[in-house]
Amino acid sequence: MTRPMADAPSQAPDDVLAYPMSRAAGCPLDPPPELSELRDEAPLARIRLWDGSTPWLVTRHAEQRALLADPRVSADATLPGYPHISESTRERRTNSGISFISMDNPEHARLRRMVTGPFTIRRIETLRPAVQQIADRLIDDLLAGPKPADLVQAFALPVPSLVICQLLGVPYEDHDFFQTSSRTLINRSTSVQAMRETQAALLSYLDRLVGQKLAAPGDDLLSRLAVERVSTGQLTRGELASMGLLLLIAGHETTANMIALGTLALLCHPSQLAALQEARDPELIAGAVEELLRYLNIVHSGRRRVALEDIEIAGQVIRAGEGLVIATDVANRDEAAFPRAGVLDVHRDAHHHLAFGFGIHQCLGQPLARLELQVVYGTLYRRIPTLALAASLDDIRFKHDGIVYGVYELPVTW
Amino acid sequence: MRVRVDQEACISSGHCVRNAPDVFDQREDDGVVSLRTERPSAAQQGEVRCAVSMCPALAITVAEE
């Protein structure tokens, strides 16, 4: 493929590949082969999106780290040139936004810092016994129930949903509503109309909840923000609803996908599963969490950005106003950063993976996600040593259209 | 080695505290980085370099002395 010279205006040739690409049949845990080929050819390439636009694709670990941490790169989804995932996500992001993840500094920092307090390493660590108790109780229920069972509904979704509900102060009995709505919101194929309605329903749900917290605050994050920020005029009620929605969706859907897809990956790699089952060292479990985050990289639609100024990188010039799709899934399989990158190896040092992103937008909830995954991977396979798939790999439905990858169901037996 | 942190740039990821808990700390109210010591011991310097490379906000710098 021809690429523009550094001193020529950036112009995409007509033969650029459409993005996103499809994963290969029979390899549901690997990134699309065409995407990996683009990475092997060059650190930057052009791709064609659903709307015909041809932003840059950034393929390699080093360039992705550099660009994600570059203040000349913006996450503002209202800017022209921002590479939207689909028509419906463009509609959602440009109309109401999703709080600080689509903002730049200083506004991003002002809002994000209002919610970082509960996510310090020390505070998250105090939740470990409660998360362990939740996991153990759900496994007790699973073992007492019929088999086969769907691990997604019985375990993967409830663990992070129960935890985030408690942290935010969202009633868990509403989980069917917010889980189903979240799945609609983060699906590329959702129609503009459905996106609009689902977003409105979730925002009005959160807004009602904020109203209740203002009237009768409890011991939870939404109550604290309502009392300390909304009552004092630092945040509008709408801003808090939007922020609460972000934390609620990001707080359950991503971790749930990592639990179910991680379990599937381990069941497909029995020696790796055995290493986890025999592990007595919490460091090995923690390392396995990082490796599964790297290997699966469930946020598989690329981090989306737009250049605010001309940026010279890897012998190219990204022009101001050009879009960037930063495909962390293939950077996490970049041999320069991870030798034998295609191999799942729980003993590997994978700490520098980009599954949570990099730069100022790196995942806010990552300490919580790590804790949940450490508890789950350290408990589930040890307590159910005979855990096995109750379906063939071909019959499992994967979230190919999801902005976050995973499985819709995971039938298991023991 | 002398360590400096940029509290304006910090995004409270906590990587520094995970990697070098005796050198870095997080403010209680917003998780922003603070220093327990500016001058890590020889034994702590490897952990500090790891914290520097993992910091997503590039908020930690070290000067070798």
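Quick caveat: nothing in here was measured; it's all calculated off a predicted structure.

Bringing the confidence of the model for chain B into the picture now. Overall, the predicted model of chain B reaches an average pLDDT of 96, with 100% of residues at or above 70. With a pTM of 0.94, the predicted complex shows an ipTM of 0.96.

With that out of the way, let us pick up helix α1 (residues 33-41) of chain A. Residue and element names in this part refer to chain A. Turning to α1, its buried residues number three or more, namely Leu35, Ser36, Leu38 and Arg39. The arc that holds the buried residues of α1, viewed along the axis, is 155 degrees, so those residues lie on one side. Residues of α1 that are buried in the fold lie against β1 (17-18), β2 (44-48), β3 (56-58) and α15 (328-331).

Okay, the pattern of salt bridges next. In total, this model carries 26 salt bridges over all chains according to the counting rule given. Measuring nitrogen to oxygen at the nearest pair gives 3.1 Å for the salt bridge that ties Arg237 of chain A to Asp207 of chain A. Residue Arg237 of chain A is located in helix α12 (residues 237-267), and its partner Asp207 of chain A is located in helix α10 (residues 192-215); the two are separated by 30 residues in the primary sequence. On the basis of relative accessible area, Asp207 of chain A is assigned to the partly exposed category, the value being 26%. Each member of the salt-bridge network shares a partner with another, and the members are Arg122 and Arg123 of chain A together with Asp25, Glu28 and Arg36 of chain B.

Further remarks concern the interface of chain B and chain A. Bring the parts together and some accessible area is lost; that lost area is often taken as the interface size. Counting from both sides, the interface comprises 26 residues of chain B and, opposite them, 18 residues of chain A. Around 1,800 Å² of area is buried between chain B and chain A when both sides are counted, 47% of it from carbon and sulfur atoms. Between chain B and chain A we count 3 salt bridges in total. Taken together, the connections running from chain B to chain A amount to 13 residue pairs in polar contact (both at pLDDT 80 or more).

Core analysis: the biggest nonpolar cluster contains 98 residues, and Phe155, Val170, Leu240, Leu261, Leu296, Tyr377 and Val407 of chain A have the highest contact counts within it. With 17 residues, the single largest contributor to this core is α12 of chain A. In contact with Phe155 of chain A, other than residues within four places in its own chain, are Ala135, Leu138, Ile139, Ile259, Val376 and Leu380 of chain A. Grouped together as the second largest cluster of nonpolar side chains are 18 residues, Met1, Ala20, Val48 and Ala59 of chain B included.

The rules behind each value
- Residues numbered from 1 in each chain as written.
- Chains lettered and ligands numbered in written order.
- Predicted model: local features only at pLDDT ≥ 70, side-chain atom pairs only at ≥ 80, totals over all residues.
- Heavy atoms only, no water.
- pLDDT = per-residue confidence, 0-100.
- Buried < 20%, exposed > 50% of the residue type's maximum accessible area, 1.4 Å probe, protein only.
- Helix = DSSP H or I, 4+ residues; strand = E, 2+ residues; numbered from the N terminus.
- Arc of directions from axis to C-beta.
- Contact = heavy atoms within 4.5 Å.
- Salt bridge = Lys/Arg side-chain N within 4 Å of Asp/Glu carboxyl O.
- Buried area = accessible area lost by both parts, 1.4 Å probe.
- Polar contact = N/O pair within 3.5 Å; in protein donor to acceptor, adjacent residues only side chain to side chain.
- Core = buried A, V, L, I, M, F, W, Y, C linked by side-chain atoms within 4.5 Å.

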